[in-house]
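Listed below, chain by chain, are the residues.
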Amino acid sequence: MNSNPFNLRVIEEFRANGGVVGGEFAGTPLLLLTTRGARSGELRTTPLVYLPDAAGRPHVFALNGGAPVAPAWYHNLRAHPEALRVELGAGSFRARATEVTDPAEYEELWHRQVAAEPKFAAFRARAGRAIPVVRLERRG
């Protein structure tokens with residue numbers, strides 16, 4: 001569930017079109033991440049831009065549109081890192097979240113993402129905080 005009307009439309013379009021979304025997200029790699037609420041325990045689905053690494057594992061960025069605090073989905077996956085579901089294209093898989101902590105790997109991923117989506121640099125500057133980068137790895 002997601003209570004944001006914009007996100008609900010993106011989720012609906014994503015699922016109806018096998019992971020393809022138009023409008024401002026046309027051509028942008030998107031996935032749907034379902035987390036378990038840190039306090040509520042309720043399932044929450046969020047559309048996110050992702051960046052695959054050389055092994056094809058998706059990485060997501062806890063930008064929150066440049067807000068000074070990390071997004072709710074990030075707090076949820078930190079509370080329940082093994083209780084994730086990722087929808088990618090027309091498929092889905094159970095996932096485990098691992099924050100990227102190696103500085104060289106982090107910088108490589110961050111620079112690749114900014115090259116693909118320059119607005120990410122402005123979001124980080126506006127946030128005034130480190131932006132967590134999270135690897136989503138298949139489970140089972």
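This write-up is about the structure you can find in this document. Along each chain, the written sequence defines residue order, and numbers are assigned to residues from 1. Residue-level local features of this predicted model are given only where pLDDT is at least 70; pairs of side-chain atoms are given and counted only at 80 or more, and the full residue set underlies all totals for whole chains, interfaces and linings. Each side-chain value is worked out from all heavy atoms of the structure, with water and hydrogens disregarded.

Any carboxyl oxygen of Asp or Glu within 4 Å of a side-chain nitrogen of Lys or Arg constitutes a salt bridge here. Enumeration according to the criterion identifies eleven salt bridges in this entry. Here Glu-99 and Arg-78 are joined by a salt bridge, their closest N and O atoms 3.6 Å apart. One end of the pair, Glu-99, is in strand E5 (residues 91–99); the other, Arg-78, is in helix H2 (residues 72–79), and 21 residues separate them in sequence. Residue Glu-99 is classed as partly exposed on the basis of its relative accessible area, which comes to 32%. What counts as a helix is a DSSP run of H or I of at least four residues, what counts as a strand is a run of E of at least two, and both are numbered from the N terminus. Buried residues are those whose accessible area, probed at 1.4 Å on protein chains only, stays under 20% of the maximum for their type, while exposed residues exceed 50% and partly exposed ones sit between those limits.

For the pair helix H3 (residues 103–116) and helix H4 (residues 119–127), interaxial distance at closest approach is 7 Å and the crossing angle is 120 degrees. In this view, H3 runs oblique relative to H4, as classed from their interaxial angle. On H4, the residues touching Tyr-106, Trp-110, Gln-113 and Val-114 of H3 are Phe-120, Ala-121 and Arg-124. Here the residues of the contact of H3 with H4 sort into five nonpolar, one polar and one charged. Axis lines are fitted through C-alpha atoms, for helices just across the contact stretch, and the angle between N-to-C directions can take any value from 0 to 180 degrees. Here is the rule for angles: anything less than 35 degrees is roughly parallel, anything more than 145 is roughly antiparallel, 65 through 115 is roughly perpendicular, and the remaining ranges are oblique. A contact between two residues is defined here by any heavy atoms of the two lying within 4.5 Å. Residues are sorted three ways: Asp, Glu, Lys and Arg are charged, Ala, Val, Leu, Ile, Met, Phe, Trp, Tyr, Cys and Pro are nonpolar, and all the rest, Gly among them, are polar.

To continue, consider the packing of aromatic side chains. Each Phe, Tyr or Trp ring (for Trp, its six-membered ring) is paired with any other whose centre lies within 6.5 Å, and the angle between the two planes then decides the class: stacked below 30 degrees, edge-to-face above 60, tilted in between. All told, the structure shown has six aromatic pairs when counted by the stated rule. Relative to Phe-123, the ring of Phe-120 has its centre 6.3 Å away and its plane inclined at 50 degrees; by these criteria the two rings are tilted. With Phe-120 and Phe-123 both in helix H4 and three residues apart, the pair spans about one turn of that helix. Among the residues examined, Phe-120 registers a relative accessible area of 5% and is labelled buried. A connected cluster of aromatic rings, assembled from ring pairs, spans Phe-61, Trp-110, Phe-120 and Phe-123. Seen from the ring of Phe-93, Arg-138 lies directly overhead, with NZ or CZ sitting 4.0 Å from the centre. Two thresholds decide whether a charge sits over a ring: the Lys NZ or Arg CZ must be within 6 Å of the ring centre and within 35 degrees of the ring normal.

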